[in-house]
Amino acid sequence: MFSLEDKRRPFRAMALMSTILSYLVGPTLLGLFVGRWLDNKVNSEPLFLVLGLLIGLASGIYGMLYAVRQFFSGDS
């Protein structure tokens, strides 16, 4: 799966890890903040917070899987 040439590229691995981190943290935090803001506007305390968290996690996982698939497709 990995060749000797891939083992000599630590910056590619760091780029992949930072991409995964940003895809998981960014949408999750955005979903939390938007859900909390909507809860304050509509006065429905945990409903939109939980929905925002779940939507943020789902979109982050989807984006992460897409990025990993693109990284290992060999097109780079």
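Up top is the structure.
Quick caveat: nothing in here was measured; it's all calculated off a predicted structure.

K.L.:
Hey, could you run me through the overall build of the protein in this one?
P.N.:
Summing up its helical and strand segments, the protein has three helices and zero strands in all. Sequence-ordered secondary structure for the protein, helices as α and strands as β, is α-α-α. The 76 residues of the protein split such that 17% are buried. For the protein, the proportion of contacts with a sequence separation of at least 24, taken over those separated by at least 6, is 59%. Here the protein displays about 6,000 Å² of accessible surface, and carbon together with sulfur accounts for 70% of that area.

K.L.:
Looking at this structure, how should I read the side chain of Asp-39?
P.N.:
For Asp-39, the location among the structural elements is in helix H2 (residues 10-42). Arg-36 provides the closest opposite charge to the buried, unpaired Asp-39, separated from it by 7.9 Å. There is a polar contact of 3.3 Å between the side chain of Asp-39 and the side chain of Ser-44. Non-local contacts of Asp-39, meaning those with residues more than four positions away in its chain, are made with Ser-44, Glu-45, Pro-46, Leu-47, Phe-48 and Leu-49.

K.L.:
Could you clarify how one ought to interpret helix H3 (residues 47-71) in this entry?
P.N.:
Structurally, the α-helix is built with 3.6 residues per turn, so residues lying three or four positions apart point the same way. In this model H3 runs 36 Å from its N-terminal to its C-terminal C-alpha over 25 residues, within 8% of the 36 Å that 1.5 Å per residue would give. Those residues of H3 that fall on the buried side of the exposure criterion are Gly-52, Gly-56, Gly-60, Gly-63, Met-64 and Ala-67. Contacts made by the buried residues of H3 are with H2.

Calculation criteria
Residues numbered from 1 in each chain as written. Predicted model: local features only at pLDDT ≥ 70, side-chain atom pairs only at ≥ 80, totals over all residues. Heavy atoms only, no water. Helix = DSSP H or I, 4+ residues; strand = E, 2+ residues; numbered from the N terminus. Buried < 20%, exposed > 50% of the residue type's maximum accessible area, 1.4 Å probe, protein only. Contact = heavy atoms within 4.5 Å. Areas by Shrake-Rupley, 256 points an atom, 1.4 Å probe, with all protein chains shown as cover. Lys, Arg positive; Asp, Glu negative; His and termini not counted. Salt bridge = Lys/Arg side-chain N within 4 Å of Asp/Glu carboxyl O. Polar contact = N/O pair within 3.5 Å; in protein donor to acceptor, adjacent residues only side chain to side chain. Expected span 1.5 Å × (residues − 1).

That is the geometry; function is a separate question.
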